[in-house]
Amino acid sequence: MPDLPEEPMTVVRLTVDSFKRLRACNLSPSPTGLVPVRGPNAQGKSSTIESMLSAFGIERPSLPITEGEHGSDIVVELANEAGETLLVVKQHWKRDSAGKAKPKLSVEAADGTPYGSPAAVMKQLVGFAADPGAFLDMKAEDQVKTILGVLGLTDALAALEDDASGLYEKRRDLGRDSDRLGKAAGALVAEVDGLPAPPTEGTIEELTARLLAAKDHNAAIDGHRQIQAAAASRGTEAAGRLELLHAEVVKLEADVQAQRDAWEHAKSELAGIGEPLDTAPIEQALAAHEESTRHDARRELMQSTVAEATAAQEEHTAVEAQLATKRGEIADLLGTVTFPVEGMSYDHETKVIMVGEIPFASASQGERLRIAAAVAMAGAPIIKAIFVREGSLLDHASQAILSEIAAANKFQLWLEIVDEPDPTTGERTAGIWIEDGEAEQVE
């Protein structure tokens, strides 16, 4: 198998039979500069450009065969700057028994020697060749992927950015934890600084025992006093009844005596017990110990929170350093490549392509078009051809910009333009004209 050509090539001959709207085509386009594909709408202009994109493996049409036909053929001859044919790409489709188009691709050297793995061969030769107009219509993230692919940075930069993204998220979370714990620790420090000193009178157990004994003592006093009160009340009542009910005198006197005895007994008991004890100081001391226990818990919480806050801050600082290192690695990697346009760069923080100091999306239409063309050309190191469908949507200035860029870089620019012959003379502008599926070159 011959070696693949390494010198740049463009399309010097295009032969198409029954591809989509294009029924027949046998063209020998200009090897560099503008190749306009003209004609009214729905005549096969797009099919002409798509035939090459399909042969190169850039697109895979779902319905490649012209309606009513059984097969489709595309032959693309590629030649070097000297005009020597180096490669012939052949794409064939044939309908199977179910009516579906089955593709067959072959790539041959100028002498007809076939290359193995033709799809892989085309992928190697085509690279990132693209339609500049399609590039402008991409989403911003897809434009970034295309440019990074052209620069050969996709895998290496993705790995570094994944690392940086993980470190950024970790730093963000650690920063939040550090702030939260720092605020909590500060509040606890201020709170603990204002707490009173722990009490020194007795222990909680001793004070609790004293309080229970005092309460029992006072309860005994209250009980005996209640007995006295009840005895006095009943004695008074008995005396009254004695006066009213003389017949019950004996009984009442006995009752009175019994109550007197009870009163005297209570008096005797009271004399042995002594005066009531004041429990307020004991309760206060016990409350002070309980409060001190709570304060100790707050002090412990403060100490542990301060320790956590310190550790979180240290880890945040460490991750910040790791992130700075990773950003440096990304900057170093980006410094190893040359962007397609001077002044173009990639902001890996925002993942946006920059043109000077402004994002690519904010650049002027002309500047964006120049960049799109430069990206397409930078991504096509061997087959130096770029394709613009719906070129009529570009104004004349934009078409001129693309044509100048292509000519200056010895690229072939296939530009689809909606056009009509002169209504008076019928004359047609120079270029490739497609009418009713037939292609004709007009010099």
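The structure under discussion appears in the preceding block.
Residues numbered from 1 in each chain as written. Predicted model: local features only at pLDDT ≥ 70, side-chain atom pairs only at ≥ 80, totals over all residues. Heavy atoms only, no water.

(A) Structural view of the nonpolar core. Counting 46 residues, the largest nonpolar core has Ile147, Leu153, Leu157 and Tyr346 as its most contacted members. Of all the elements, helix 9 (residues 365-378) adds the most residues to this core, at eight residues. Once residues lying within four places of it in the same chain are set aside, the contact partners of leucine 157 are Leu148, Ile330, Leu333, Leu334 and Tyr346. Within the second largest apolar cluster, 38 residues are counted, among which are Ile65, Trp93, Tyr115 and Val126. (Core = buried A, V, L, I, M, F, W, Y, C linked by side-chain atoms within 4.5 Å. Buried < 20%, exposed > 50% of the residue type's maximum accessible area, 1.4 Å probe, protein only. Helix = DSSP H or I, 4+ residues; strand = E, 2+ residues; numbered from the N terminus. Contact = heavy atoms within 4.5 Å.)

(B) Main features of the environment of glutamate 390. Of note, glutamate 390 is situated in the loop between strand 10 (385-388) and helix 10 (396-408). The class of glutamate 390 is exposed, set by a relative accessible area of 52%. Between the C-alpha atoms of glutamate 390 and valine 418, which are 28 residues apart in sequence, the distance is 7.8 Å.

(C) Spotlight on the pairing of strand 12 (residues 431-435). Most of strand 12 is tucked away: four of the five residues are buried. In this structure, strand 3 (residues 33-39) lies alongside strand 12, joined through two bridges in parallel fashion. Paired with valine 37 across the strands is isoleucine 432, a residue of strand 12. Where strand 12 meets strand 13 (residues 438-442), five bridges bridge the pair, whose relative direction is antiparallel. Looking across to strand 13, one finds that isoleucine 432 is bridged to glutamine 441. Joining the antiparallel neighbours strand 12 and strand 13 is a turn of two residues, in which aspartate 436 adopts a positive phi near 55°. (Pairing = 2+ DSSP bridges.)

(D) Expanded view of the pairing of strand 11 (residues 412-418). Most of strand 11 is tucked away: six of the seven residues are buried. Relative to strand 11, strand 3 runs parallel, the two being bridged by seven bridges. What sits directly across from glycine 39, in strand 11, is valine 418. Pairing geometry for strand 10 and strand 11, over four bridges, is parallel. Residue pairing for strand 11: isoleucine 386 is matched across the bridge by leucine 413. Handedness of the β-α-β unit built from strand 10, helix 10 and strand 11 comes out right-handed. (Right-handed = clockwise from strand over helix to strand, strands pointing away.)

(E) Representation of the pattern of salt bridges. Taken as a whole, this structure holds 20 salt bridges when the rule is applied. Across the salt bridge formed by glutamate 59 and arginine 389, the nearest N and O atoms sit 2.5 Å from each other. A residue pair is termed long-range when its members are at least 10 positions apart, and glutamate 59 in the loop between helix 1 (45-55) and strand 4 (71-79) and arginine 389 in the loop between strand 10 and helix 10 qualify at 330 residues. Look at glutamate 59 and you get partly exposed, because its relative accessible area is 24%. Look at arginine 389 and you get partly exposed, because its relative accessible area is 23%. As a salt-bridge pair, glutamate 329 and lysine 326 come within 3.3 Å of each other at their nearest N and O atoms. Pair noted here: glutamate 329 and lysine 326 are both in helix 8 (residues 280-334), with a separation of three residues, about one helical turn. In this structure, a network of salt bridges that share partners links the residues Lys20, Glu50, Glu59 and Arg389. (Salt bridge = Lys/Arg side-chain N within 4 Å of Asp/Glu carboxyl O.)

(F) Inspection of the side chain of arginine 368 at higher detail. Structurally, the position occupied by arginine 368 is in helix 9. This buried residue, arginine 368, is left without a salt bridge; aspartate 137 holds the nearest opposite charge, at 6.8 Å. In this view, arginine 368 contacts Leu136, Phe360, Ala361 and Ala363; residues no more than four positions away in its chain are not counted. (Lys, Arg positive; Asp, Glu negative; His and termini not counted.)

(G) Seen up close, the packing of aromatic side chains. Enumeration according to the criterion identifies two aromatic pairs in this entry. An angle of 55° between the planes, with centres 6.4 Å apart, marks the rings of phenylalanine 56 and phenylalanine 387 as tilted. Of this pair, phenylalanine 56 sits in the loop between helix 1 and strand 4 while phenylalanine 387 sits in strand 10, and the two are 331 residues apart along the sequence. Accessibility classification places phenylalanine 56 together with phenylalanine 387 in one group, the buried group. (Phe/Tyr/Trp six-rings, centres within 6.5 Å; stacked < 30°, edge-to-face > 60°.)

(H) Quick look at the layout of surface pockets. Within this model, the largest pocket holds a volume of roughly 420 Å³. Along the walls of the largest pocket sit 21 residues, with Ser54, Gly57, Ile58, Glu59 and Arg60 positioned nearest its centre. Looking at the lining of the largest pocket, the elements with two or more residues in it are strand 5 (85-95), strand 6 (101-109) and helix 2 (118-126). Within the lining of the largest pocket, the residues separate by chemical class into 12 nonpolar, five polar and four charged. (1 Å grid on protein atoms, 1.4 Å probe; cavity = no way out; pocket = protein on both sides within 12 Å on 5 of 7 lines; lining within 4 Å. Points joined across faces, edges and corners; volume = space filled by probe spheres on them. Nonpolar A, V, L, I, M, F, W, Y, C, P; charged D, E, K, R; others polar.)

(I) How the structure looks around the packing of helix 6 (residues 204-244) against helix 7 (residues 249-273). The interhelical angle for the contact between helix 6 and helix 7, taken along N-to-C directions, is 160°, at an axis separation of 9 Å. Taken together, the axes of helix 6 and helix 7 lie roughly antiparallel to each other. Taken as a pair, helix 6 and helix 7 cross one another with a handedness that is left-handed. Considering only residue class, the contact of helix 6 with helix 7 consists of 14 nonpolar, five polar and six charged. (Axes fitted to C-alpha atoms, helices over the stretch in contact; angles between N-to-C directions. Parallel < 35°, antiparallel > 145°, perpendicular 65-115°, else oblique. Left-handed = near helix turned anticlockwise from the far one by under 90°.)

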